[in-house]
Amino acid sequence: MQLDAFLEKMNPVIHRSLRQSLELGKWPDGRTMTQEERDASLQAVIVYEHQHLPESERIGYMPAKCGSSGKKHDDKKEAEEASILRFQDA
């Protein structure tokens, strides 16, 4: 089945099942997902979420406050310098 045809039939129940299967690495019946199945399922989940869910509920969402959100290098350097203990001779 092509992705477009699958996405037309996809609903919230199928989405939850696919997402849980991806998280566990196996299908609801216990069979391990192959790499091809993981790739296709992940692609379907990403497209479905992009079309139906707000950004904050999608796979891979990172809030703006996250440390890896692209803060300036200078801010990180200042924070590191503030946390470094410096010993001075008396």
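Residues numbered from 1 in each chain as written. Predicted model: local features only at pLDDT ≥ 70, side-chain atom pairs only at ≥ 80, totals over all residues. Heavy atoms only, no water.

Structural notes on the packing of helix H2 (residues 12-24) against helix H3 (residues 35-52)
Part 1 of the reasoning: Where H2 contacts H3, the two axes come as close as 10 Å, and the packing angle between them is 135°. As far as their axial angle goes, H3 and H2 are oblique. Relative to H3, the crossing made by H2 is left-handed. Residues Pro-12, His-15, Leu-18, Arg-19 and Leu-22 of H2 lie in contact with H3, whose contacting residues are Arg-38, Ser-41, Leu-42, Ala-44, Val-45, Tyr-48 and Glu-49.
Part 2 of the reasoning: Considering only residue class, the contact of H2 with H3 consists of seven nonpolar, two polar and three charged. (Axes fitted to C-alpha atoms, helices over the stretch in contact; angles between N-to-C directions. Helix = DSSP H or I, 4+ residues; strand = E, 2+ residues; numbered from the N terminus. Parallel < 35°, antiparallel > 145°, perpendicular 65-115°, else oblique. Left-handed = near helix turned anticlockwise from the far one by under 90°. Contact = heavy atoms within 4.5 Å. Nonpolar A, V, L, I, M, F, W, Y, C, P; charged D, E, K, R; others polar.)

Digging into H2
Part 1 of the reasoning: Given a rise of 1.5 Å per residue, 13 residues ought to cover 18 Å, and the 18 Å separating the end C-alpha atoms of H2 matches this to within 8%.
Part 2 of the reasoning: Taken residue by residue, H2 has His-15, Leu-18 and Ser-21 as its buried positions. With its buried residues spanning 130° around the axis, H2 presents them on a single face. Away from the buried face of H2 by more than 90 degrees, exposed residues Val-13, Arg-16, Glu-23 and Leu-24 are located.
Part 3 of the reasoning: In this fold, the buried residues of H2 make contact with helix H1 (3-9) and H3.
Part 4 of the reasoning: The backbone nitrogen of Val-13 has a side-chain oxygen 2.9 Å away, supplied by the residue at the start of H2, namely Asn-11.
Part 5 of the reasoning: Remark: Gly-25 follows H2 within two positions and exhibits a positive phi of approximately 80°. (Expected span 1.5 Å × (residues − 1). Buried < 20%, exposed > 50% of the residue type's maximum accessible area, 1.4 Å probe, protein only. Arc of directions from axis to C-beta. Polar contact = N/O pair within 3.5 Å; in protein donor to acceptor, adjacent residues only side chain to side chain.)

Some details on the confidence of the model for the protein chain
Part 1 of the reasoning: Per-residue confidence for the protein chain gives a mean pLDDT of 81, with 71% of residues at or over 70.
Part 2 of the reasoning: Mean pLDDT across the secondary structure elements of the protein chain bottoms out at helix H4 (residues 73-83), with 59, and peaks at H2, with 94. (pLDDT = per-residue confidence, 0-100.)

Let's talk about the nonpolar core
Part 1 of the reasoning: Among the nonpolar cores identified, the biggest contains eight residues, and these are Leu-7, Met-10, Leu-18, Trp-27, Met-33, Ala-44, Val-45 and Tyr-48.
Part 2 of the reasoning: Among the elements that take part in this core, H3 stands out by supplying three residues, more than any other.
Part 3 of the reasoning: Once you skip the residues sitting within four places of it in the chain, Leu-18 turns out to touch Phe-6, Met-10, Trp-27, Ser-41, Ala-44 and Val-45. (Core = buried A, V, L, I, M, F, W, Y, C linked by side-chain atoms within 4.5 Å.)

Description of a nonpolar patch on the surface
Part 1 of the reasoning: Together, Leu-42, Ile-46 and Ile-59 give the surface a local cluster of nonpolar side chains, amounting to about 230 Å² of exposed area.
Part 2 of the reasoning: Overall, the relative accessible area of 45% leaves Ile-46 in the partly exposed class. (Patch = residues over 30% accessible without salt bridge, like charges linked within 9 Å, V, L, I, M, F, W, Y side chains within 5 Å. Areas by Shrake-Rupley, 256 points an atom, 1.4 Å probe, with all protein chains shown as cover. Salt bridge = Lys/Arg side-chain N within 4 Å of Asp/Glu carboxyl O.)

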